[in-house]
Amino acid sequence: MIDELNTIETSAVAAIEGATSLAALAEVKTEVFGKSAPLAKAQRSLGTLPPEDRKSAGRAVNESRGRIERALDAHRSSLAEAERATQLVAERLDLTEVPEGATVGHAHIVTQAWQALEDVFVGMGFRVAEGPEVETDWHNFDALNIPPGHPARDGFDTIYVDHGRPGTTLLRTHTSPVQIRTMLDQEPPIYIVAPGRVFRRDTADATHMPVFHQLEGLVVDRDISLADLAGTIEAFTEAYFGPGFTSRLRPNYFPFTEPSAEFDIQRPDGSWLELGGCGMVHPNVLNAGGIDPERWTGFAFGFGIDRLAAMKYGVDDLRELFTGDVRFLNQF
Ligand code: DAH
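On a predicted model such as this, the values are computed, not experimentally measured, just so you know.

Asker: Describe helix H5 (residues 109-123), with residues and values.
Answerer: Residues three or four positions apart in an α-helix share a direction because the helix packs 3.6 residues into each turn. Given a rise of 1.5 Å per residue, 15 residues ought to cover 21 Å, and the 21 Å separating the end C-alpha atoms of H5 matches this to within 8%. What H5 keeps buried is the set Ile-109, Val-110, Ala-113, Leu-117, Val-120 and Phe-121. End-on, the buried residues of H5 take up no more than an arc of 105°, which puts them together on one face. Among the exposed residues of H5, those oriented more than 90 degrees off its buried face are Asp-119 and Gly-123. Downstream of H5 by one or two residues, Gly-125 has phi in the positive range, about 100°.

Here it is as structure tokens:
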């Protein structure tokens, strides 16, 4: 019996180690552990042994089975490892060469505008600041002088997030909360621009998107006046659009600035485009940002990057920007 078991084990282990693939190994496994396999037969023959031999023979069969199983497991992992290594080599992509005739991608037109704007403002001495897209109602509204119940809140078509007390967490409706975060974060003088994504519960049409991009600007320093604001807008207009483009401010209302204005860009052909809002930072906003309005003054502005890109490239429907159609995107 023991001799027979040794033979069974030796040939089973040899068969296992002879398998050259996981599939072949699976077959060997059925052969070795199947019902009509020699090992199973040996197991069954235990019943025919005299009772005093049965126990030790049974143990011998189990030990043999254990060794065969371990041989199977070991060979299975080394085969799996080898197959994975082969697969990795086979699926390896050579990214070091661009095949002939292939086109190289480029930044999306909104990204291009975003980066060009950053360059223009950094060139004028501004730093780029950031804030979160998920905001508190305090940063997005209260601190910007829009208390609960203020009609300006309704104008924003806010998308609220199910977090904390209802109505306290939202997707920022504008980049203006970055003004607050920056003021709380650093002492004046402050010269920052904050480009970023903003969200409103809006149906997409030619001039609106539920997700779009704005660029916010904030300056806080000694003796900042409306002339500094107008001069900055004018300098930016020329730097971004080129010679022949000018700007103007028209009185308007925003809760976070006083006085407030809307600014327009004039194209060389004389036509005007409404671009964004601006004004002198409201004392309540400076206070919310921890800055003393008696010692510091500032101006702020904000406008849509997508609209600006659309205007620069003559795109008349904002939705075109976001369909991802390469025939459209390749033009820019
Ligand atoms: N946050 C305003 C909006 O989304 C735009 C704006 C207006 C930003 C005036 C400003 C500002 O910083 O001074 O409609």
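Asker: So what about the packing of H5 against helix H11 (residues 305-313)? Which residues, and what values?
Answerer: Between H5 and H11, the shortest axis-to-axis distance is 9 Å and the interhelical angle comes to 100°. Here H11 runs roughly perpendicular to H5, going by the angle between their axes. Counting all contacts with H5, which are made through Ile-109, Val-110, Gln-112, Ala-113, Trp-114 and Leu-117, the residues of H11 involved are Ile-305, Asp-306, Leu-308, Ala-309 and Tyr-313. Tallied by class, residues from the contact of H5 with H11 come to nine nonpolar, one polar and one charged.

Asker: Help me get a handle on the site of the ligand, residues and values and all.
Answerer: In the region of the ligand, 15 residues are neighbours, and His-174, Ser-176, Arg-200, Gln-214 and Glu-216 sit closest. Here a nitrogen atom of the ligand and a side-chain polar atom of His-174 are 2.9 Å apart. Separating an oxygen atom of the ligand from a side-chain N or O atom of Gln-214 is a distance of 2.9 Å. Taking 350 Å² as the accessible area of the ligand by itself, protein coverage stands at 91%. Looking at the shell around the ligand, the elements that each hand over two or more residues are strand S5 (211-221), strand S8 (272-281) and strand S9 (297-304). Tallied by class, the residues present in the shell around the ligand amount to five nonpolar, eight polar and two charged.

Reading the values: the criteria
For every chain, the first residue of the written sequence is number 1, and numbering continues from 1 along that sequence. Only residues with pLDDT of 70 or above have their local features reported here, since the model is predicted, and side-chain atom pairs are shown and tallied only from 80 upward, although totals for entire chains, interfaces and linings are computed over all residues. The side-chain figures draw on all heavy atoms in the structure; neither hydrogens nor water molecules are used. In this text, helices come from DSSP runs of H or I with a minimum length of four residues, and strands from runs of E with a minimum of two, each type numbered from the N-terminal end. In this scheme, a helix's expected span is set at 1.5 Å multiplied by one less than its residue total. Throughout this description, buried means an accessible area under 20% of the type-specific maximum (1.4 Å probe, protein chains only), exposed means over 50%, and partly exposed covers the range between. The arc in question is formed by the directions pointing from the helix axis toward the C-beta atoms. All axes here are fitted lines through C-alpha atoms, helices being fitted over the stretch that makes contact, and every angle between N-to-C directions spans 0 to 180 degrees. Geometric relationships in this document are graded by angle, where less than 35 degrees denotes roughly parallel, more than 145 denotes roughly antiparallel, 65 to 115 denotes roughly perpendicular, and other angles denote oblique. Whether two residues are in contact is decided by their heavy atoms, any of which lying within 4.5 Å being enough. Basically, the charged four are Asp, Glu, Lys and Arg, the nonpolar ten are Ala, Val, Leu, Ile, Met, Phe, Trp, Tyr, Cys and Pro, and anything else, Gly included, counts as polar. The near set for a molecule or strand comprises every residue that places at least one heavy atom within 4 Å of it. By the criterion applied in these results, polar contacts are pairs of N or O atoms within 3.5 Å in which, for protein atoms, one can donate a hydrogen and the other can accept it, and in which residues neighboring in sequence qualify only through two side-chain atoms. All accessible-area figures derive from a Shrake-Rupley calculation using a 1.4 Å probe, and residue coverage is judged against the displayed protein chains alone.

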